[in-house]
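Structure at a glance
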Amino acid sequence: MLAVDIGRRNTTTALCNLEGKPTKIERVPTVTDKTVEEFCAGLLKSAVRTVKLVPPEQLLGVGITIEGTVAADNQTVVSSFLPWSGIELGQSKILFSSS
């Protein structure tokens, strides 16, 4: 499992075993002056560095957390400590696409 926590100070990427215990942790300062696309590109690079440590078939899922408010439709982040808002959660697959 790959776990990502986007915090006010640091963004943490962790590779966890099936018991949820971290086996590899990478922590970098959270940069708040980038566009959502730039931020996600940096996050993707960190995630790729981390998941290279295990065979692809052993990566069973990805979880991403960030502090913020989600609209009543549960589809859009309407505010967070980052300087962007109105990000549709369903669009994340486009932002993190490797193609």
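Residues numbered from 1 in each chain as written. Predicted model: local features only at pLDDT ≥ 70, side-chain atom pairs only at ≥ 80, totals over all residues. Heavy atoms only, no water.

Side note on the pattern of salt bridges
Tallied over the full model, the rule gives two salt bridges. Here R8 ties to E67 by a salt bridge, and the two come within 2.6 Å at their closest N and O atoms. Pair noted here: R8 is in the loop between β1 (2–6) and β2 (10–16) and E67 is in the loop between β4 (62–66) and β5 (68–70), with a separation of 59 residues, a long-range link. You can call E67 partly exposed: its relative accessible area is 43%. Across the pair R49 and E26 runs a salt bridge whose closest N-O atoms are separated by 2.5 Å. You can see R49 sitting in helix α1 (residues 36–51) and its partner E26 sitting in strand β3 (residues 22–29), a full 23 residues away along the chain. (Salt bridge = Lys/Arg side-chain N within 4 Å of Asp/Glu carboxyl O. Helix = DSSP H or I, 4+ residues; strand = E, 2+ residues; numbered from the N terminus. Buried < 20%, exposed > 50% of the residue type's maximum accessible area, 1.4 Å probe, protein only.)

A short note on the confidence of the model for the protein chain
When pLDDT is averaged along the protein chain, the result is 80, and 85% of the positions lie at 70 or above. The lowest-confidence element of the protein chain is helix α2 (residues 92–95), averaging 48 in pLDDT; the highest-confidence one is β2, averaging 92. Low pLDDT, under 50, characterises residues 93–99; the predicted model gives this stretch nine contacts beyond four residues in sequence or across chains. (pLDDT = per-residue confidence, 0-100. Contact = heavy atoms within 4.5 Å.)

Quick word on the pairing of strand β6 (residues 76–80)
Two elements, β5 and β6, share three bridges in a ladder whose sense is antiparallel. Within β6, the residue paired with V70 across the bridge is V77. Hairpin connection from β5 to β6: five residues lie between these consecutive antiparallel strands, with N74 at a positive phi of about 60°. (Pairing = 2+ DSSP bridges.)

Section: the nonpolar core
By size, the foremost hydrophobic cluster in this structure holds eleven residues: L2, V4, I6, V36, F39, C40, L43, A47, F81, L82 and W84. At the level of secondary structure, the elements contributing two or more residues to this core comprise β1 and α1. The element that contributes the greatest number of residues to this core is α1, accounting for five residues. (Core = buried A, V, L, I, M, F, W, Y, C linked by side-chain atoms within 4.5 Å.)

Topic: the sheet that holds β1
In spatial order, the strands read β3-β2-β1-β4; together these four strands make up an open sheet with mixed pairing. This sheet does not close on itself; its edge strands, each paired only once, are β3 and β4. Sheet twist, expressed as the average angle between the axes of neighbouring strands with direction ignored, equals 10°. Here β1 runs beside β4; their pairing, made up of five bridges, is parallel. Within β4, the residue paired with I6 across the bridge is I66. Each of β1, β2 and β3 touches α1; the most contacted strand, β2, lies at about 30° to it. (Axes fitted to C-alpha atoms, helices over the stretch in contact; angles between N-to-C directions.)

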